[in-house]
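Next come the chains, spelled out residue by residue.
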Amino acid sequence: MEQHFLVFKDVVETKNITLSAKKLHMSQPSISLQIQNLENEYGARFFDRSNKGVTLTKEGQIFYTHVRSVLDLLSNAKEQIGALTKNQRGLIYLGATLTIGEYVLPNILAYLHKTHPNVDFKVKIANTESISQDVLEKKIHIGLIEGPVTSHKDLNVESFWKDELVVAIPHFHHWASRDSINLAELPHERLVTREDGSGTRKVMEMALKERGLDPNELNITMELGSTQAIKQLVSAGLGITIISSLTVSRECEQKTFKILKIEDLPIYRPLSILTNARTTQTKDERILINLLHDHRLLSDVLSRDDNELEEHTSKTQLAHPTVINRKGQRQGAKC
């Protein structure tokens, strides 16, 4: 019966028996037969069929709601039973957007590897839309994203950090003796930015508009799809950039960059945790989520290099940290 339900659900979502047959590696007659068996079992017609595909009848809509609930319950049962299996390693399917994946996640995974060595991770790096869709489809258990996400009834969104966008300049720039600038000064400098449509670019443009500066007034000379490439161009003196403070802390310490605050109002963006509202997190997934909400510990983990992290985790294994349920933020790079 579970197989019948899975086939029914897929046909509903593709609205096409041919597409479902390809996706499920089944023949079209086999899928049609399973749908027919369900309709006979419940004494109702679930689909209206046409040359364009299939659509749900009123009875089918009711049945679809219950099928989703049943499949969710079965999925949760499998995960919870699996988690209790003796000596079984935990596995978390994790998704992250680019900045988090490159500059936040590595230290977190290194810390968890040392404190909870029986947990494995499979990580996907993609944009916010892709991560949120995978969470909804349960391909990813936990998503970590930057910036806004489209609201959905099956999507839980929890902010766990506030990331400040700052102005990064090379250490030899004529602003290098300053600690801040105002928005009116930005259009007079060559600006290197992420590509149009990126999360960082979107947050930057929204914030500038809210503060009265039209993004079209900026002197954008280069757009790149890589934060690392942007940093290399800025360090070579080919422009300045507005960038996440999380991504430049090391360059700041090495005196490659100077970081300037924006006087008019600082620009913050939330970093958020995405989970599916129709699933229950396993014990191992809760360990990760609790770490993300423990701002004091998370700040410590993110600020350490590999050697420091090794020493720190040896100590924290002796004393489990208390989860702090208060709002907080890590101070960005200061230099």
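Being a predicted model, the structure only gives us computed values, none of them experimental.

Caption draft 1: Quick look at the environment of Glu-13. As for its placement among the helices and strands, Glu-13 is situated in helix α1 (residues 2-14). The spacing of Glu-13 and Val-54 is 41 residues in sequence and 10.0 Å in space, taken between C-alpha atoms. At 3.0 Å, the side chain of Glu-13 and the side chain of Lys-9 are in polar contact.

Caption draft 2: The arrangement of the nonpolar core in detail. Judged by nonpolar contacts, the single largest core of 25 residues is most densely connected at Ile-108, Ile-142, Leu-144, Phe-160 and Leu-292. Breaking this core down by element, the ones donating at least two residues are β3 (90-96), α6 (105-115), β5 (142-146), β6 (155-170), β12 (267-276), α11 (283-293) and α12 (295-302). Ignoring anything within four residues of it in the chain, the contact list for Ile-142 reads Ile-92, Tyr-93, Leu-94, Gly-95, Val-135, Ile-273, Leu-274, Thr-275, Glu-285, Leu-288 and Ile-289.

Caption draft 3: Geometry of the packing of helix α2 (residues 17-24) against helix α3 (residues 28-42). At their nearest, the axes of α2 and α3 sit 9 Å apart, and the two run at 110° to each other. Classified by the angle their axes make, α2 and α3 are roughly perpendicular. Between α2 and α3, the contacting residues are Ile-17, Thr-18, Ser-20, Ala-21 and Leu-24 on the first element and Gln-28, Ile-31 and Ser-32 on the second. Classifying every residue of the contact of α2 with α3 gives four nonpolar, four polar and no charged.

Caption draft 4: Just the pattern of salt bridges, in detail. Inspection of the entire model under this criterion finds 21 salt bridges. Among the ionic pairs, Glu-137 bridges to Lys-139, the shortest N-O distance being 3.0 Å. For Glu-137, a relative accessible area of 40% translates into the label partly exposed. Several salt bridges share partner residues, and in doing so they unite Arg-68, Asp-72, Lys-138, Lys-153, Asp-154 and Arg-278 into one network.

Caption draft 5: Structural context of the confidence of the model for the protein chain. With 88% of its residues at a pLDDT of 70 or more, the protein chain shows a mean pLDDT of 84. Within the model, the stretch residues 312-332 combines pLDDT values under 50 with 35 contacts to residues more than four positions away or in other chains.

Caption draft 6: View of α12. Regarding α12, the residues found buried are His-295, Leu-297, Leu-298, Val-301 and Leu-302. Along the axis of α12, the buried positions cluster into a sector of 160°, meaning they face one direction only.

Caption draft 7: Main features of helix α7 (residues 128-136). The complete set of buried residues in α7 reads Thr-128, Ile-131, Ser-132, Asp-134 and Val-135. Taken around the axis of α7, the buried residues stretch over an arc of 160°, which confines them to a single face. One or two residues past the end of α7 sits Lys-138, with phi positive at roughly 65°.

Calculation rules
- Residues numbered from 1 in each chain as written.
- Predicted model: local features only at pLDDT ≥ 70, side-chain atom pairs only at ≥ 80, totals over all residues.
- Heavy atoms only, no water.
- Helix = DSSP H or I, 4+ residues; strand = E, 2+ residues; numbered from the N terminus.
- Polar contact = N/O pair within 3.5 Å; in protein donor to acceptor, adjacent residues only side chain to side chain.
- Core = buried A, V, L, I, M, F, W, Y, C linked by side-chain atoms within 4.5 Å.
- Buried < 20%, exposed > 50% of the residue type's maximum accessible area, 1.4 Å probe, protein only.
- Contact = heavy atoms within 4.5 Å.
- Axes fitted to C-alpha atoms, helices over the stretch in contact; angles between N-to-C directions.
- Parallel < 35°, antiparallel > 145°, perpendicular 65-115°, else oblique.
- Nonpolar A, V, L, I, M, F, W, Y, C, P; charged D, E, K, R; others polar.
- Salt bridge = Lys/Arg side-chain N within 4 Å of Asp/Glu carboxyl O.
- pLDDT = per-residue confidence, 0-100.
- Arc of directions from axis to C-beta.

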